[in-house]
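Summary of the model geometry
Next come the chains, spelled out residue by residue.
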Number of protein chains: 2
Amino acid sequence: MKPLESLLRSFVELHPDEASRAFEALDLDERIRLFTTLPTRIAVTLMQRISPHAVAPMVMGLDRDRSKELLCALPPRIASSVLTHTEESYRTDLLECLPENLSRSLRALAKYPGDTAGAMMEPRVASLSSDFTVQQATTAIRKAPREALHYLYVTNRDGILAGVINMRDLLLAAPKDPITPLIKTELLTVPDTMPSKDVVQKMREKRFLAIPVVDYDGRLVGVVKQSDALRVVQDAAFDNMQKIVGAGADERALSPVRLVVKSRLPWLLVNLVTAFMAAAVIGAFEGIIAQVAALAVLLPVVAGQGGNTGSQSLAVVMRGLALREVIPGTTRQLITKELAAGVINGVAVAIVTAIAVFSWRLVAGDSMTAGFGLALVIGMAMIVNMAAAALAGAVIPLILQACGRDPAQSAAIFLTTVTDIVGFAAFLGFASLCMPLIT
Amino acid sequence: MKPLESLLRSFVELHPDEASRAFEALDLDERIRLFTTLPTRIAVTLMQRISPHAVAPMVMGLDRDRSKELLCALPPRIASSVLTHTEESYRTDLLECLPENLSRSLRALAKYPGDTAGAMMEPRVASLSSDFTVQQATTAIRKAPREALHYLYVTNRDGILAGVINMRDLLLAAPKDPITPLIKTELLTVPDTMPSKDVVQKMREKRFLAIPVVDYDGRLVGVVKQSDALRVVQDAAFDNMQKIVGAGADERALSPVRLVVKSRLPWLLVNLVTAFMAAAVIGAFEGIIAQVAALAVLLPVVAGQGGNTGSQSLAVVMRGLALREVIPGTTRQLITKELAAGVINGVAVAIVTAIAVFSWRLVAGDSMTAGFGLALVIGMAMIVNMAAAALAGAVIPLILQACGRDPAQSAAIFLTTVTDIVGFAAFLGFASLCMPLIT
């Protein structure tokens, strides 16, 4: 190996994440050139760390033999996820010329929807045959690739999962004994169609390092490792954050502009509708605004505080729902708490705001009465709006969840609608009641 | 065991998370009564799943002997985290009457700041002595409690970590051989003072199931497991989300109201200041608003769309920073992308808004010219505001990060300030330029 290659290899092996980031900073042409000559082992290490979004176009740019070589060397789960990101015609062609068993395994993996146990599992899993002796089991373990070993799963002739053996028990048993008495048959499995978030939940509950995945007939088809769960959990939390603000869950920091616009624009347009609804509320009070322009100046202050209060409550409740801390039995307690916090914060903010507005109006040359009137109006509006916002931030995701909808996807829209409309209606409504005071 | 206890035990063992949620729905008195009589093993299983916030008051309510018994049976890391949530006087008293070695270990754990490897590690870790034979090692493994075994760490006489042995290699070696040749001395360790987020990053990069933690002298003091990392990662992502909206990272769905107010109010007050700054911008245009009240009606529409666009950009960039996808080399590309997306979305939203505003003004009885003027003003303002918002959403967290500040903590405040001020200034500025058209 040339010294440069050996250096590159050390970089990739010691700092795979940094190396893959450096790779992602290259142009597509440079990437293709690099991967044409890079030793397969380094290339494969690198490809496992890079987002399949970035790998797929590069693979399509390589010549056929090279891309075949790389795909065969990748773990099937990674190869499958790269392939799903290539164009369909390319994928069909390539699958034709891959070795029979790999292409079969890739076709099977491609059938699993992206958010199921089947799609997150590692399909290469070593298993022991249930009629092995301890000695035969030891030999089989020696032959298996290290990364395929997690727990020692035992299957019968049809590939049906029979149980699991503890490495320590095997270590302590006599070589000639059959392994049957060592098999623990009570074990947690998940079906290949189980949603990934339920798989992660199971892992968290049971604290297993790995869970075997079985198909409809009980055959062992793969294993989900804790490192896979780590990835899913981290992604899920950030997906949630993006969905709340209406950027699609798939969007990444360097996604192409076309995709970014497609992911964000629909949400902006829906929000535009709610903004117009809020504007209609203001429109109903156009008359009094024309009389007291100071009202217009204060509108964003009322709406802003309502929006902030609602988002705080929403973020905390969304976390509680995601981690299943919020359950039917604690709903009433949660709502009471949020309402109480909303009222207390509302009173505090109202006092500060009222003092500020009163001072401002005096400086602007209003009478004491008019200043006091406007301070009173905004103070009362603030309390009503912030209490309503805190309540809505808690109740809206609970209702969406109860209706079987994803609260992350739409809670923010409903919340903005409520806080804007309540805020403007309360502020301008109180103002119109107090018009004799403030004009 | 009575049938009821046996039923309860099955519930706790098979569905620990559900059981702990059912527990959390009980009153403090009921909890104390339950834990006074519950068999220790079930109680301990349950205590490990419940937030230390909820366990601590209950422990303080139990009688001294019972709480001693439970704390001794808990894994030290959990016991330590429960104790840190009790009152100081209670803690000092209790530590006095615990067994000497446990209280020493708890005192040591309590010294680690909450966000370090020391605080997230499991301190009970079994290790093999470097002068063992394979046979002696096997015996030692048999004696060690199962949960203390992850990798087979080897230490020398002073407790200094010498290396690690693969269970498979041990399984395949002759019983009388020394274990020395099997020891892999190159292994990744982390110091007990390393920040937890760096530990998690290392785990993700290297894909280890566990990493040994060493003290300043290289002594093995504990081990961080992947399940610990899972917890830290999930919490970190949600902490981020809460920090962005100004609810403290520590807040949970059922935190007491006092804590909720303390965690959220400061942020609301800071935001109030920025809201007043935005109001001051509107105030500067009070004259033209008094002439054209329709401007006041449209103010929240402009601000709302700017805010939304900025939050989308912020969420995606924050994710990129947290997962280290955004690095100095890709900054320019990121900023260009966000600006382009902002302009494109801005134009799209501007067209829809302009058409809606034009129709509204005609229905309201304005002239064609006035309607067209207002549509033009809001359209131009929307493009400027949304482009600025998208840019700010990307640039603000990058600047905060570069200054060594936590972008989650304060990015949203700066962002709102920018989008409100730019939005109002652009909208009312264009309006005052076009006054001849719109009046």
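Calculation rules
- Residues numbered from 1 in each chain as written.
- Chains lettered and ligands numbered in written order.
- Predicted model: local features only at pLDDT ≥ 70, side-chain atom pairs only at ≥ 80, totals over all residues.
- Heavy atoms only, no water.
- Helix = DSSP H or I, 4+ residues; strand = E, 2+ residues; numbered from the N terminus.
- Rg over C-alpha atoms; globule rule 2.2 N^0.38 Å.
- Buried < 20%, exposed > 50% of the residue type's maximum accessible area, 1.4 Å probe, protein only.
- Least-squares fit on C-alpha atoms with pLDDT ≥ 70 in both.
- Contact = heavy atoms within 4.5 Å.
- Pairing = 2+ DSSP bridges.
- Axes fitted to C-alpha atoms, helices over the stretch in contact; angles between N-to-C directions.
- UniProt positions renumbered as here; feature names shortened; annotations may be inferred.
- Buried area = accessible area lost by both parts, 1.4 Å probe.
- Salt bridge = Lys/Arg side-chain N within 4 Å of Asp/Glu carboxyl O.
- Polar contact = N/O pair within 3.5 Å; in protein donor to acceptor, adjacent residues only side chain to side chain.
- Nonpolar A, V, L, I, M, F, W, Y, C, P; charged D, E, K, R; others polar.
- Core = buried A, V, L, I, M, F, W, Y, C linked by side-chain atoms within 4.5 Å.
- Domains from an automatic or database assignment.
- Phe/Tyr/Trp six-rings, centres within 6.5 Å; stacked < 30°, edge-to-face > 60°.
- Lys NZ or Arg CZ within 6 Å of the ring centre and 35° of its normal.
- Arc of directions from axis to C-beta.
- Parallel < 35°, antiparallel > 145°, perpendicular 65-115°, else oblique.
- Left-handed = near helix turned anticlockwise from the far one by under 90°.
- pLDDT = per-residue confidence, 0-100.
- Expected span 1.5 Å × (residues − 1).

Our next topic: the overall build of chain A. Across its full length, chain A carries 21 helices and 6 strands. Scaling as 2.2 N^0.38, a compact globule of 439 residues should have a C-alpha radius of gyration of about 22 Å, whereas chain A reaches 30 Å, well beyond that. If you line up chain A on its principal axes, its C-alpha atoms span 100 × 55 × 40 Å. In chain A, which comprises 439 residues, the proportion classed as buried is 51%.

Moving on, we get to the relation of the copies chain B and chain A. With an axial shift of 0.1 Å and an RMSD of 0.2 Å, the rotation relating chain B to chain A amounts to 180°. With respect to symmetry, the two chain copies, as superposed, fit the operation of a two-fold axis. When the interface residues of chain B are mapped onto chain A, 100% of them again lie at the interface, so the same face is used by both copies.

All names here are of chain B. Across the sheet, 3 strands lie side by side as β1-β2-β3; this open sheet has mixed pairing. Every interior strand has two partners, whereas the edge strands, β1 (127-129) and β3 (161-165), have only one. Within this sheet the neighbouring strands show an average axis-to-axis angle of 35°, counted without direction. As defined by bridge partners, strand β2 (residues 152-155) adjoins β3 across 4 bridges and the pair is classed as antiparallel. Looking across to β3, one finds that Y153 is bridged to V164.

Before going further, it helps to examine the UniProt feature "transmembrane region" (unreviewed entry) in chain A. Residues and elements named next belong to chain A. Cross-referencing UniProt, the feature "transmembrane region" (unreviewed entry) maps to residues 268-298, 339-360, 372-400 and 412-438 in the present numbering. Annotated as 87% helix and 0% strand, the span residues 268-298 places its first and last C-alpha atoms 24 Å apart. From the first C-alpha to the last, residues 372-400 spans 41 Å; its make-up is 100% helix and 0% strand.

Listed as interface residues are 113 residues of chain B and, on the opposing side, 113 residues of chain A. Taking both sides of the interface into account, the surface hidden between chain B and chain A amounts to around 10,300 Å²; carbon and sulfur atoms contribute 66%. Counting the contacts that link chain B with chain A gives 2 salt bridges. Seen at the junction of chain B and chain A, the total is 8 residue pairs in polar contact (both at pLDDT 80 or more). A total of 19 residues in the side of chain B that touches chain A trace back to one element, the largest contributor, which is helix α17 (residues 294-322) of chain B. Along the lines of polarity and charge, the residues of the side of chain B that touches chain A split into 65 nonpolar, 25 polar and 23 charged.

Among the nonpolar cores identified, the biggest contains 82 residues, and A:L295, A:F427, A:L428, B:I289, B:L295, B:F427 and B:L428 are the most heavily contacted of them. Core analysis: the second largest hydrophobic core is formed by 36 residues, A:A237, A:I413, B:M318 and B:A411 among them.

You can read the domains of chain A as domain 1 (3-111), domain 2 (127-225) and domain 3 (257-438). Computed from C-alpha coordinates alone, the two centres of domain 1 of chain A and domain 3 of chain A are separated by 50 Å.

Throughout the structure, instances matching the rule amount to 0 aromatic pairs over all chains. The ring centre of A:W360 lies 4.5 Å from the NZ or CZ of A:R361, which sits over that ring.

Quick look at the environment of A:V134 now. Residue and element names in this part refer to chain A. Among the secondary structure elements, V134 is positioned in helix α11 (residues 134-143). For V134, a relative accessible area of 3% gives the class buried. Separated by 40 residues in sequence, V134 and A174 have C-alpha atoms that sit 6.9 Å apart. Residue contacts for V134: discarding those within four places in its chain leaves L170, A173, A174, P175, D177, P178, I179 and L182.

Quick look at helix α3 (residues 28-37) of chain B now. All names here are of chain B. Among the residues of α3, those classed as buried are R31, I32 and F35. The buried residues of α3 all sit within an arc of 95° when viewed along its axis, so they share a single face. Residues D29, R33 and T37 are exposed on α3 and point more than 90 degrees away from its buried face.

On to the pattern of salt bridges. Side chains that differ in sign of charge can pair as their charged atoms come close. All names here are of chain A. Taken as a whole and judged by the stated rule, the model has 18 salt bridges over all chains. The salt bridge involving E100 is made with R104; its shortest N-O contact spans 3.8 Å. Placement of the pair is E100 and R104 together in helix α9 (residues 100-110), with a separation of 4 residues, close to one helical turn. Note on E100: relative accessible area 57%, which makes it exposed. Here the residues in one salt-bridge network are D215, D217 and R219, joined through shared partners.

A few words on the pairing of strand β2 (residues 152-155) of chain A. Burial along β2(A) is two-sided: A:L152 and A:V154 and A:Y153 and A:T155, pointing in opposite directions, are all buried. Connecting β2(A) to the next strand, strand β3 (residues 161-165) of chain A, in antiparallel fashion are 5 residues, including A:G159 with a positive phi near 85°.

Turning to the packing of helix α13 (residues 196-206) of chain B against helix α14 (residues 226-244) of chain B, a few remarks are in order. All names here are of chain B. At a minimum axis distance of 10 Å, the contact between α13 and α14 shows a crossing angle of 120°. Here α13 is positioned oblique relative to α14, judged by the angle of their axes. For α13 against α14, the interelement crossing comes out left-handed. Contacts between α13 and α14 pair S196, V200 and M203 from the former with Q226, A229, V232 and V233 from the latter. In terms of residue class, the contact of α13 with α14 is made up of 5 nonpolar, 2 polar and no charged.

Here B:Q312 is to be found in helix α17. In contact with B:Q312, other than residues within four places in its own chain, are A:V245, A:G246, A:A247, A:R264, A:W267 and A:L268.

In this section: the sheet that holds strand β6 (residues 220-225) of chain B. Residues and elements named next belong to chain B. The 3 strands are arranged β4-β5-β6 in an open sheet whose pairing can be described as mixed. The sheet is open, and its two edges are formed by β4 (190-191) and β6, each paired on a single side. In this structure, strand β5 (residues 210-214) lies alongside β6, joined through 5 bridges in antiparallel fashion. Paired with A210 across the strands is K225, a residue of β6. Packed on one face of the sheet, α13 meets β4, β5 and β6 and runs near 140° to β5.

Next up on the list: the confidence of the model for chain A. Averaged over all residues, the pLDDT of chain A equals 83, while 96% of them reach at least 70. Ranking the helices and strands of chain A by mean pLDDT puts helix α19 (residues 368-402) of chain A first, with 93, and helix α1 (residues 3-14) of chain A last, with 69.

With that settled, consider helix α18 (residues 331-363) of chain B. The end-to-end C-alpha separation of α18(B) is 47 Å, in line with the 48 Å expected for 33 residues at 1.5 Å each. Just downstream of α18(B), B:G365 is the residue with a positive phi angle, here 100°.

Turning our eyes to something else, we now look at the side chain of B:T309. Structurally, B:T309 can be placed in helix α17. Here B:T309 falls in the buried class, since its relative accessible area comes to 2%. In contact with B:T309, not counting residues within four places along its chain, are A:L268, B:M386, B:A389 and B:A390.

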